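Notes for the structure review
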Amino acid sequence: LEWISSSRENLNYFSEIKAVWYATGQYRTELQDKMKNAGTRPVGRRTLSRALYSLAAIALILSAAFIGFRTAGRNTVTVENVNSKTERVVLPDGTAIWLYEGSRLSYNEKRYDDRRKVKLSGEADLDVASNKLRPFVLTCPKITVKVLGTVFNVKDYPDRADAQTTLAEGAVELTLNRSSNKVSMREGQRVTYDQHTKDFKIEEVNTSRLSLRRLGIISLEDVTINDIVFRLQNEFGRHVYFTEPDVDLKKRYVFNYPENAGLEDIISLLEVITSTEIEIE
């Protein structure tokens with residue numbers, strides 16, 4: 001507890017570990033072996049090890065329930081996520097796609113190996129299998145992304161004016177649909193296109209949290225306790241309130257929790273992170 005409270009970096013690291021811990025259930029013994037020396041690590045910024053993420057990913061894949069629905073007609077496979085939990089889709093070449101709520105993807109199963117073309121409406125994280133001879137092409141309502149093999153996020157809903165791509169690994173080429181405008185992205189960049197102004201905005205971002213989302217963990221960064229409570233109330237439909245009158249409403253947090261956790265477990269974790277007593281009505 002002293003180590004956790006000694007710095008914000010340690011507290012954030014604990015939040016990540018705790019979220020994965022809750023999300024993986026029966027695999028906690030293996031996780032504990034990976035975590036047992038966490039308290040002896042030097043103080044500073046940390047991200048979960050690849051081994052820990054891999055173990056957590058395996059646990060979630062084995063235990064994941066099917067969400068959304070799939071249809072097939074004339075060789076076209078369509079997957080739509082109509083629920084709040086992330087759905088993992090594996091394409092014929094091994095490309096993995098994490099499809100978020102309200103999103104839909106489709107591809108021609110018969111011609112996929114030759115063309116590697118996929119249509120997406122909504123938001124998804126993608127881990128594209130490498131193939132230098134056949135680039136992977138993702139077509140969205142406003143933008144098209146072309147890659148050889150990489151890890152990235154795309155958010156492009158047809159009813160929104162903006163479209164966004166975040167690159168975690170590799171390199172991608174982003175093209176504005178029905179235009180010759182192109183943007184070559186590098187790792188750690190986010191490109192946002194505004195349909196109203198026709199402008200691209202490029203910024204450097206922390207992409208490590210893409211890994212958390214792909215594991216089924218909701219990650220909220222730079223949020224106040226009111227932001228967190230508001231989200232939980234909307235998500236669970238229950239009133240959450242503070243029992244202490246002097247809550248610091250300006251302090252900002254990084255807060256992570258598994259999307260399949262119950263409200264009581266999330267509130268317990270939130271109380272530890274914020275040192276605030278919280279009640280559920």
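These numbers come from a predicted model, not from an experiment. (Residues numbered from 1 in each chain as written. Predicted model: local features only at pLDDT ≥ 70, side-chain atom pairs only at ≥ 80, totals over all residues. Heavy atoms only, no water.)

1. Topic: the packing of helix 7 (residues 225–236) against helix 8 (residues 263–274)
Relative to each other, helix 7 and helix 8 sit at 180°, their axes nearing to 12 Å. Relative to helix 8, helix 7 is oriented roughly antiparallel. On helix 8, the residues touching Ile225, Ile228, Val229, Leu232 and Phe236 of helix 7 are Leu263, Ile266, Ile267, Leu270 and Thr274. The class makeup of the residues in the contact of helix 7 with helix 8 is 9 nonpolar, 1 polar and no charged. (Axes fitted to C-alpha atoms, helices over the stretch in contact; angles between N-to-C directions. Helix = DSSP H or I, 4+ residues; strand = E, 2+ residues; numbered from the N terminus. Parallel < 35°, antiparallel > 145°, perpendicular 65-115°, else oblique. Contact = heavy atoms within 4.5 Å. Nonpolar A, V, L, I, M, F, W, Y, C, P; charged D, E, K, R; others polar.)

2. With respect to the packing of aromatic side chains
Scanning the entire structure with this criterion turns up 3 aromatic pairs. The interplanar angle of 65° and the centroid separation of 5.7 Å between the aromatic rings of Tyr107 and Tyr112 together place this pair among those described as edge-to-face. With respect to burial, Tyr107 and Tyr112 carry one shared label: buried. (Phe/Tyr/Trp six-rings, centres within 6.5 Å; stacked < 30°, edge-to-face > 60°. Buried < 20%, exposed > 50% of the residue type's maximum accessible area, 1.4 Å probe, protein only.)

3. Regarding unusual backbone geometry
Its identity as a non-glycine residue notwithstanding, Arg116 has a phi of 50°, on the positive side. Among the secondary structure elements, Arg116 is positioned in the loop between helix 5 (112–115) and strand 6 (117–127). Classification of Arg116 as buried rests on a relative accessible area of 2%. We note that Arg178 has phi near 60°; this positive angle belongs to a residue other than glycine. Structurally, Arg178 can be placed in the loop between strand 11 (172–176) and strand 12 (182–185).

4. So, the confidence of the model for the protein
Per-residue confidence for the protein gives a mean pLDDT of 79, with 78% of residues at or over 70. In this model residues 40–51 is a low-confidence stretch, pLDDT under 50, and it forms 25 contacts with partners more than four residues away in sequence or in other chains. Overall, residues 57–67 carries pLDDT values under 50, and its contacts beyond four positions in sequence, including any with other chains, amount to 14 contacts. (pLDDT = per-residue confidence, 0-100.)

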